[in-house]
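Chains, contacts and geometry: an overview
Take a look at the letters that make up each chain.
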Amino acid sequence: METDTITAISTPMGEGAIAIVRLSGPEAVSISNELFQGKDLSKADSHTMHYGKIIDPETNEVAEEVMVSIMRAPKTFTREDVVEINCHGGLVSVNRVLEIVLAKGARLAEPGEFTKRAFLNGRIDLSQAEAVMDLIRAKTDRAMNVALKQMDGRLSKLIQSLRQKLLETLAHVEVNIDYPEYDDVEEMSHNMMEEKTKEVLEEVKKLLQTAQQGKILREGLATAIIGRPNVGKSSLMNALVHENKAIVTEVPGTTRDVIEEYVNVRGVPLRLVDTAGIRETEDIVERIGVEKSRQVLKEADLILLVLNYGDELTAEDEKLFEAVRDLDVIVIVNKTDLEPQLDMERVQTLADKHPVITTALLHEKGIDELEQAISQVFFEGELDTGDMTYVSNVRHVQLLKQAKQALEDALNGMEMDMPIDMVQIDVTRTWEILGEIVGDTVHESLIDQLFSQFCLGK
Ligand code: GDP
């Protein structure tokens, strides 16, 4: 248990109906009681709320009218005594309350420190703590659902059950080695190890398969708009952004230098990638060559390829088709208000199985159909947040990949008839790697780094 009492403003900065100053630690109640005029908080029952005033110790005047919640350990978020002071919204008054709390001996919390204490005090595991962060950052309802489930401990339970299975296997094999009552002990150990390793490997693979969809849920469907100059790429971009509520216009605090727009198209989170660059992708194929541009485009989950109905199909258009052939593409034939010049039959042939939508963006025509097509592409990917456990966190995905490798090493070892204790090393390693997901075997510096990504007051 930590010995000092931390505090922070736990609500977003800015105007709001209320703002909360939160305290956690052994002195949380006594510090609050010193500032508070009203009921004697030291005698207040746990999980009760009290009306009163905060008195400024310098001037002895009333600094703020508040409601104070008292939550005593251990049934709190951090498992320590927690006090929440509900102030009136204004930035000045809530900051004043924070200053007074600090003056009375609380320490300003570091970002994520409340959640870190919850983790260190065993209330939640690491993947649940990370879910708290995901929840704060969730840009779509679906991403929020996934985060909520993870917070609920679904992923943790699954990971722990896999670790348990590995541990039991290791223990059995150990016993077999120590007490070789049977002649075929070597073979028994081998068979059991192989069977269990395969089972766990299957589960790990299944989880990894959800990672791509998890990423989409978390970050939105990465969408690139490509096409020759002047076909209407910017118009398309604007239409999508204006028709649909833009979720966020920038990703704060990331090192990415590309601009991204988030829009919500019929419940599908789209991340329109590199919107500045999109306007320059006109000669993307020419500039960087077909192979390379395929590589760039592959990173997109969805490609909107725009053509001009009032223009003949050019070699460059054909090159673009070639570059996106095996990807998820929607072909958009724009400017249908113009005299037809485009060979639609050829377009259909090139588009093959991909949908072709006609639009006249200038006249706001065809946008509905396009949105329909986008949601179809998305939902046919059978994205279902129902009961599945999704892995969406980059750190988890990396660890699962390592676990997969270690399990495959173990299986290879068995195939090559390596001694069982060599195989045990790989299985033990898997157990450790999986432990890092839930935070059982994780290094302290990583914990510090993870929690520092939280926002203040969480
Ligand atoms: P980009 O270079 O591909 O980004 O193309 P823009 O979106 O900037 O559009 C190029 C020009 O085509 C602009 O003058 C648009 O107003 C015009 N434009 C876009 N959509 C249509 C359309 O459906 N019909 C007509 N006639 N013009 C359009």
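Quantities reported herein were computed from a predicted structural model and do not represent experimental measurements. (Residues numbered from 1 in each chain as written. Predicted model: local features only at pLDDT ≥ 70, side-chain atom pairs only at ≥ 80, totals over all residues. Heavy atoms only, no water.)

**Remarks on unusual backbone geometry**
In this structure, the amide linkage connecting Ala73 to the following residue, Pro74, adopts the cis form with an omega of 5°. Here Pro74 shows up in the loop between strand S5 (62-71) and strand S6 (82-88). Residue His47 is not a glycine yet carries a positive backbone phi of 55°. Looking at where His47 falls in the secondary structure, it is placed in the loop between strand S3 (36-38) and strand S4 (48-55). Of note, Asp417 is a non-glycine position whose phi angle comes to about 60°, a positive value. As for its placement among the helices and strands, Asp417 is situated in the loop between helix H14 (394-415) and helix H15 (420-438). (Helix = DSSP H or I, 4+ residues; strand = E, 2+ residues; numbered from the N terminus.)

**Considerations on the packing of H14 against H15**
Interaxial distance between H14 and H15 falls to 8 Å at its minimum, and their mutual angle equals 170°. Here H15 runs roughly antiparallel to H14, going by the angle between their axes. Contact residues: H14 offers Arg395, His396, Leu399, Leu400, Gln402, Ala403, Ala406, Leu407, Asp409, Ala410, Gly413 and Met414, while H15 offers Val423, Asp426, Val427, Arg429, Thr430, Ile433, Leu434, Glu436 and Ile437. For the contact of H14 with H15, the residue count by class is twelve nonpolar, four polar and five charged. (Axes fitted to C-alpha atoms, helices over the stretch in contact; angles between N-to-C directions. Parallel < 35°, antiparallel > 145°, perpendicular 65-115°, else oblique. Contact = heavy atoms within 4.5 Å. Nonpolar A, V, L, I, M, F, W, Y, C, P; charged D, E, K, R; others polar.)

**With respect to the nonpolar core**
Generally speaking, soluble globular proteins have nonpolar side chains that are buried together. Counting 30 residues, the largest nonpolar core has Ile159, Met193, Val204, Leu400, Val427, Leu434 and Ile437 as the members making the most contacts within it. Put simply, the parts of the chain that give this core at least two residues each are helix H6 (154-178), helix H7 (185-219), H14 and H15. With nine residues, the single largest contributor to this core is H14. Setting aside its immediate chain neighbours within four residues, Leu434 contacts Ile159, Leu162, Arg163, Leu166, Leu400 and Ala403. (Core = buried A, V, L, I, M, F, W, Y, C linked by side-chain atoms within 4.5 Å. Buried < 20%, exposed > 50% of the residue type's maximum accessible area, 1.4 Å probe, protein only.)

**Quick notes on H15**
Its 19 residues place the ends of H15 28 Å apart at the C-alpha level, agreeing with the 27 Å of an ideal helix rising 1.5 Å per residue. Phi turns positive one or two residues past the end of H15, at Gly439, with a value near 95°. (Expected span 1.5 Å × (residues − 1).)

**Section: the pattern of salt bridges**
According to the stated counting rule, one finds 21 salt bridges in the structure shown. Its salt-bridge partner being Asp4, residue Arg107 comes within 2.6 Å of it at the nearest N-O pair. Remark: Asp4 occurs in the segment before strand S1 (6-9) and Arg107 occurs in strand S7 (residues 107-108); sequence separation between them is 103 residues. The exposure class assigned to Asp4 is partly exposed, which follows from its relative accessible area of 26%. Notably, a salt bridge pairs Lys198 with Glu194, separated by 3.1 Å at the nearest N-O pair. With a gap of four residues between them, Lys198 and Glu194 both fall in helix H7, about one helical turn apart. Its relative accessible area of 25% is what places Glu194 among the partly exposed residues. If you follow the salt bridges from partner to partner, you end up with Asp4, Glu80, Arg107, Glu113 and Arg117 in one network. (Salt bridge = Lys/Arg side-chain N within 4 Å of Asp/Glu carboxyl O.)

**Notes on the pairing of strand S8 (residues 221-227)**
Within S8, seven of the seven residues are buried, which leaves the element mostly enclosed by the surrounding structure. Of the two faces of S8, the one holding Leu221, Thr223, Ile225 and Gly227 and the one holding Ala222, Ala224 and Ile226 are both buried throughout. One ladder, built from three bridges, connects S8 with strand S10 (residues 268-272); its direction is parallel. The residue of S10 that forms the bridge with Ala222 is Arg271. The pairing of S8 with strand S11 (residues 302-308) spans five bridges and is parallel. Pairing of Ala224 across the sheet is with Ile303, part of S11. (Pairing = 2+ DSSP bridges.)

**Digging into the UniProt feature "binding site: (6S)-5-formyl-5,6,7,8-tetrahydrofolate" (unreviewed entry) in the protein chain**
When the UniProt feature table is mapped onto this chain, "binding site: (6S)-5-formyl-5,6,7,8-tetrahydrofolate" (unreviewed entry) is found at Arg22, Glu84, Arg123 and Lys458. Within the secondary structure, Glu84 is located in strand S6. Contact partners of Glu84, with chain neighbours within four places excluded, come to Ile20, Val21, Arg22, Met67, Val68, Ser69 and Met71. (UniProt positions renumbered as here; feature names shortened; annotations may be inferred.)

**Some words on the sheet that holds S1**
Read from one edge to the other, the open sheet built from seven strands follows the order S3-S4-S5-S6-S2-S1-S7, with strand pairing classed as mixed. What marks the edges here is a single partner per strand, and that holds for S3 and S7. Both S1 and strand S2 (residues 18-24) contribute to a ladder of four bridges, which runs antiparallel. For Thr7, the partnering residue across the bridge sits in S2 and is Leu23. Taken strand by strand, helix H1 (residues 28-35) contacts S2, S3, S4, S5 and S6, and its axis lies near 70° from that of S3. Lying on the sheet, helix H3 (residues 113-120) is in contact with S1, S2 and S7; it crosses S1 at an angle near 140°.

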